[in-house]
Amino acid sequence: MDSRSQAVRALLSAMGPRRAENYVRAFDLQDDEAQYIIEREVMRKSVQQIAAAYHVSQETVKRRRKSGFKKIAEQLS
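Below or above, wherever it landed, is the structure these notes cover. (Residues numbered from 1 in each chain as written. Predicted model: local features only at pLDDT ≥ 70, side-chain atom pairs only at ≥ 80, totals over all residues. Heavy atoms only, no water.)

1. Examining the overall build of the chain
- Tallying secondary structure elements over the chain gives 5 helices and 0 strands in all.
- Against the 2.2 N^0.38 benchmark of 11 Å for 77 residues, the chain shows a C-alpha radius of gyration of 11 Å, consistent with a compact globule.
- Its C-alpha atoms give the chain principal-axis dimensions of roughly 35 × 20 × 20 Å.
- Intrachain contacts of the chain at a sequence separation of at least 6 include 56% that bridge at least 24 residues.
- Carbon and sulfur atoms provide 47% of the accessible area of the chain, an area that totals close to 4,800 Å².
- Positive and negative charge centroids in the chain, built from 15 and 10 side chains respectively, lie 4 Å apart. (Helix = DSSP H or I, 4+ residues; strand = E, 2+ residues; numbered from the N terminus. Rg over C-alpha atoms; globule rule 2.2 N^0.38 Å. Contact = heavy atoms within 4.5 Å. Areas by Shrake-Rupley, 256 points an atom, 1.4 Å probe, with all protein chains shown as cover. Lys, Arg positive; Asp, Glu negative; His and termini not counted. Charge placed at Lys NZ, Arg CZ, Asp CG, Glu CD.)

2. So, the environment of Ala34
- The topology assignment puts Ala34 in helix H3 (residues 31-42).
- A relative accessible area of 5% means that Ala34 is categorised as buried.
- With 10 residues separating them in the primary sequence, Ala34 and Val24 have C-alpha atoms 6.2 Å apart.
- Residues in contact with Ala34, not counting those within four places in the same chain, are Val24, Arg25 and Leu29. (Buried < 20%, exposed > 50% of the residue type's maximum accessible area, 1.4 Å probe, protein only.)

3. So, the pattern of salt bridges
- Enumeration according to the criterion identifies 8 salt bridges in this entry.
- A salt bridge links Glu21 to Arg25; its shortest N-O distance comes to 3.5 Å. With Glu21 and Arg25 both in helix H2 (residues 17-25) and 4 residues apart, the pair spans about one turn of that helix.
- Under the relative-accessibility criterion, Arg25 is labelled partly exposed at 41%.
- Notably, a salt bridge pairs Glu39 with Lys45, separated by 3.4 Å at the nearest N-O pair.
- Residue Glu39 is classed as buried on the basis of its relative accessible area of 4%. (Salt bridge = Lys/Arg side-chain N within 4 Å of Asp/Glu carboxyl O.)

Structure below.
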């Protein structure tokens, strides 16, 4: 994960859960990107738990989170 994405993760971890969720949803992300970020970073679910809940592979969850973080970082720039 690049430094801009890591900065976004750090920002989310410093926020309360409701505020962090609203923050993520304020960006122009696809629904699954936002949901996977919220569930992993805010709700602290594992990638395995998220993948099982949405019937997708763990790699899909990782890719969608990565693309979501990239979009957030780009919109903040």
